[in-house]
Amino acid sequence: MTLSASNISWSVGAASIVDDVSLEVREGEFLGLIGPNGSGKTSLMALLSGIRKPRSGEVILDGVPIGRMGRREVARHLALVEQQAETADRITARQAVELGRTPYLGPLSPWSANDDAVVEATLENVDMAHLAGRLWHTLSGGERQRLHIGRALAQKPKILLLDEPTNHLDIGHQIGLLDLVRRQGLTVVAALHDLNHAAMFCDRIAVMQAGRLVAVGRPFEVLTAERIRDVFGVEAAIEIDIEGGCHIRFQAQSGRGGRSVSMGDGTGKRFSRS
Amino acid sequence: MALVVLVAALWLGAAIGETSIPFGVVAKTVANRLWDAGYPLEPIDEGIVWSYRLSRAVVAACCGAALALSGVVLQSLLRNPLADPYILGISAGASTGAVSVAILGLGAGIMTLPMGAFFGALIAFALVSLLAVKAGRGTAAIILAGVAGSQLFNALTSFIVTKAATAEQARGIMFWLLGNLSGVRWPDAWLAIPAALAGLLVCLWHARSLDAFTFGAESAASLGISVRRTYLALVGISAMMTAVMVSIVGSIGFVGLVIPHAARMLVGIRHSVLLPVAALIGAVFMILADILSRVLIPGQVLPIGVITALVGAPAFAFVLGQRRGRG
């Protein structure tokens, strides 16, 4: 199952949000999507999932333009976990995962034992079986996010699209969640904020800047000091270890409001102006 | 079980009133009328039960069911616990239509007051929909458009009433606006029953789609729901049901707002169960409210909307409190 975008654009009024992006997602890979706030990551995810139609260009799922497939058909192959989807309904953890079976159920086809089996296996898979009966509003952010992943997995997709899945989670839950996603062995496209996580979990990284795709490649190819300065406006030192893993250390700079800070690297670049 | 409760409520509705009629007589009347059973009965009793009370109870039931269904559907689709059938501007449009016919004499001779109300409701709904589409995507657009549309049509109604109505007409209109089942007869029931049944079927057909809206429209889309088609079908059927009911009985508040919350507290959020339960509670509640409206002040009929609001407003406050408690 392959997913690709060819020259897709999307705009709101005169403002161009996604600008002529072409991207090929390889089967089985974990593709990270990085870029500053407002660079069009979320919109690109919505376009890739087919829930939004591009103004121009095409998203192609397994050789077929996604706009020409039925929504149900798409949902059986591709699942999207949006950023922070919330509900005020009194829904249980299990019911949230059960929603994932929607693409397989019609008005006249009843819930089956197979659906039950899928839901139970999924709850085990995302380590929420012990909380299956708990109500949504009593669960923590990390638990809710695992259920969202579970709902997507219950769709039995080949491709998983995740829009900033680790937002608002503590570091333990962030790593745990990404690990959980990688264990599934699915094709994954994930918009990520943390560059080190992207470097750690992704086979390839795509960089968005002002609606354009400015780079795609292996983490150590893409995450260079120049590019991070150019795209995010922060200074960083990159270390590449012998296995090709890459580690980014950000450096604070006055007046720029760098996002994450490590206490200098001994080069004396960190200074303050008052 | 549901049918038993409904029949019991209808039975009560037919038996209780200014003159109580024994349950047996009610049963015999129905048997006479439906199966030609030929029980000897007082023609007056039989007349009251069949032509007056039973038709009235049936319309009340349909109306309650339809409003409750619309409420469930709109609250689920728009992800807003405050949504009710009138949020689409329907009741405001209906009252403008009604006063246009009753006071301005629009379409004189051909248009009856219910017809005026029905067309007014549809015009208002069309306008609100247009506005919502113009205002762009998102559920807030529909709600805001509905508020704007309702205000506009309410203002028009007030304008017409103040400008042209006699005191007598104004009182009549006020009574109608608050909901009134007094004039209801069997022909109304033959309109209300198919509308409510069609509504129930269409809503049940979309039960799983409604479930999929739990986490919002985008999430529903990613679960394989055609969001636009679902909106069209469900908002359309809600508008149709509400317009029919409003044109028969006037705008009865709080049923479409409160009953869905009550049903959700009882049976949870699965729409395949929630929809029929809400319809049943709505039907029974409306029959009981109608009985109350007839017997509360001896010799006088209270507008049923007064009863539903008197019960509904505190119930709604209670529901709000519950929501807060688990916020």
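Before reading further, recall that the structure is shown in the block above.
All of the points below concern the structure found in this document.

About the thresholds
Residues numbered from 1 in each chain as written. Chains lettered and ligands numbered in written order. Predicted model: local features only at pLDDT ≥ 70, side-chain atom pairs only at ≥ 80, totals over all residues. Heavy atoms only, no water. Helix = DSSP H or I, 4+ residues; strand = E, 2+ residues; numbered from the N terminus. Rg over C-alpha atoms; globule rule 2.2 N^0.38 Å. Buried < 20%, exposed > 50% of the residue type's maximum accessible area, 1.4 Å probe, protein only. Contact = heavy atoms within 4.5 Å. Areas by Shrake-Rupley, 256 points an atom, 1.4 Å probe, with all protein chains shown as cover. Lys, Arg positive; Asp, Glu negative; His and termini not counted. Charge placed at Lys NZ, Arg CZ, Asp CG, Glu CD. Buried area = accessible area lost by both parts, 1.4 Å probe. Salt bridge = Lys/Arg side-chain N within 4 Å of Asp/Glu carboxyl O. Polar contact = N/O pair within 3.5 Å; in protein donor to acceptor, adjacent residues only side chain to side chain. Nonpolar A, V, L, I, M, F, W, Y, C, P; charged D, E, K, R; others polar. Pairing = 2+ DSSP bridges. Axes fitted to C-alpha atoms, helices over the stretch in contact; angles between N-to-C directions. Parallel < 35°, antiparallel > 145°, perpendicular 65-115°, else oblique. Left-handed = near helix turned anticlockwise from the far one by under 90°. Patch = residues over 30% accessible without salt bridge, like charges linked within 9 Å, V, L, I, M, F, W, Y side chains within 5 Å. Expected span 1.5 Å × (residues − 1).

## Topic: the overall build of chain A
Then, number 1: Per the secondary structure count, chain A includes 9 helices and 12 strands.
Then, number 2: In summary, chain A has a C-alpha radius of gyration of 20 Å against a globular reference of 19 Å for 274 residues, a match within 12%.
Then, number 3: Taking the principal axes of the C-alpha coordinates as reference, chain A spans close to 70 × 45 × 40 Å.
Then, number 4: By the burial criterion, 51% of the 274 residues in chain A qualify as buried.
Then, number 5: The contacts in chain A between residues at least 6 apart in sequence include a share of 60% that link residues at least 24 apart.
Then, number 6: A total of about 12,400 Å² of accessible surface is found on chain A, and carbon and sulfur atoms cover 49% of it.
Then, number 7: The averaged location of the 32 negative side-chain charges in chain A is 4 Å from the averaged location of its 31 positive side-chain charges.

## Considering the interface of chain A and chain B
Then, number 1: With 34 residues of chain A at the contact, the number on the chain B side is 19 residues.
Then, number 2: Interface area for chain A against chain B, summed over the two sides, is near 2,500 Å², with a carbon-plus-sulfur share of 57%.
Then, number 3: With a closest N to O distance of 2.9 Å, Asp 89 of chain A and Arg 79 of chain B form a salt bridge.
Then, number 4: Where chain A packs against chain B, one counts 9 residue pairs in polar contact (both at pLDDT 80 or more).
Then, number 5: Mapped by element, the contributors of at least two residues to the side of chain A that touches chain B are helix H2 (71-77), strand S6 (78-81), helix H3 (93-98) and helix H5 (141-154) of chain A.
Then, number 6: Each residue belonging to the side of chain A that touches chain B can be placed in one class, and the counts come to 16 nonpolar, 9 polar and 9 charged.

## Observations regarding the side chain of Gln 155 of chain A
Then, number 1: With respect to the helices and strands, Gln 155 of chain A occurs in the loop between H5 and strand S7 (159-163).
Then, number 2: Judged by its relative accessible area of 0%, Gln 155 of chain A is buried.
Then, number 3: If sequence neighbours within four positions are ignored, Gln 155 of chain A has contacts with Ala 75, Arg 76, Leu 78, Ala 79, Gly 100, Pro 103 and Tyr 104 of chain A together with Ser 222 and Leu 223 of chain B.

## Looking at the sheet that holds strand S1 (residues 3-12) of chain A
All names here are of chain A.
Then, number 1: Sheet architecture is open: 4 strands sit in the order S2-S1-S4-S5, paired in antiparallel fashion. Bordering the open sheet on either side are strand S2 (15-25) and strand S5 (64-65), each of which pairs with just one other strand.
Then, number 2: The pairing of S1 with strand S4 (residues 56-61) spans 5 bridges and is classified as antiparallel. Residue pairing across strands places Leu 3 opposite Leu 61, the latter belonging to S4.

## Considering the packing of helix H5 (residues 113-135) of chain B against helix H6 (residues 139-164) of chain B
Residue and element names in this part refer to chain B.
Then, number 1: Here H5 crosses H6 at 140 degrees, and the two axes come no closer than 8 Å. Between H5 and H6, the crossing angle belongs to the class labelled oblique. The handedness of the crossing between H5 and H6 is right-handed. Across the interface between the two elements, Ile 123, Ala 124, Leu 127, Val 128, Leu 131, Ala 132 and Ala 135 from H5 touch Ala 141, Ile 142, Ala 145, Gly 146, Ala 148, Gly 149, Leu 152 and Phe 153 from H6.
Then, number 2: Each residue belonging to the contact of H5 with H6 can be placed in one class, and the counts come to 13 nonpolar, 2 polar and no charged.

## Here we look at a nonpolar patch on the surface
Residues and elements named next belong to chain B.
Then, number 1: On the surface, Leu 3, Val 7, Trp 11 and Phe 23 cluster together into a nonpolar patch covering about 410 Å² of accessible area.
Then, number 2: The element that contributes the greatest number of residues to the nonpolar patch is helix H1 (residues 2-15), accounting for 3 residues.
Then, number 3: By the secondary structure assignment, Trp 11 is in helix H1.
Then, number 4: Using a relative accessible area of 37% as the deciding quantity, one classes Trp 11 as partly exposed.

## Looking at H5 of chain A
Residue and element names in this part refer to chain A.
Then, number 1: Compared with the 20 Å implied by 1.5 Å per residue over 14 residues, the 20 Å span of H5 between its first and last C-alpha is a close match.
Then, number 2: Of all 14 residues in H5, 13 are buried; the element is thus mostly enclosed.
Then, number 3: The positive-phi residue at the C-terminal boundary of H5 is Lys 156, with phi of around 50 degrees.

## A look at helix H6 (residues 171-183) of chain A
All names here are of chain A.
Then, number 1: With 13 residues, H6 should cover 18 Å at 1.5 Å per step; its first-to-last C-alpha distance of 18 Å lies within 8% of that length.
Then, number 2: Of the surrounding secondary structure, the elements contacted by the buried residues of H6 are strand S3 (30-34), helix H4 (113-125), H5, S7, strand S8 (187-191) and helix H7 (195-201).
Then, number 3: At the exit of H6 stands Gly 185, carrying a positive phi of roughly 65 degrees.

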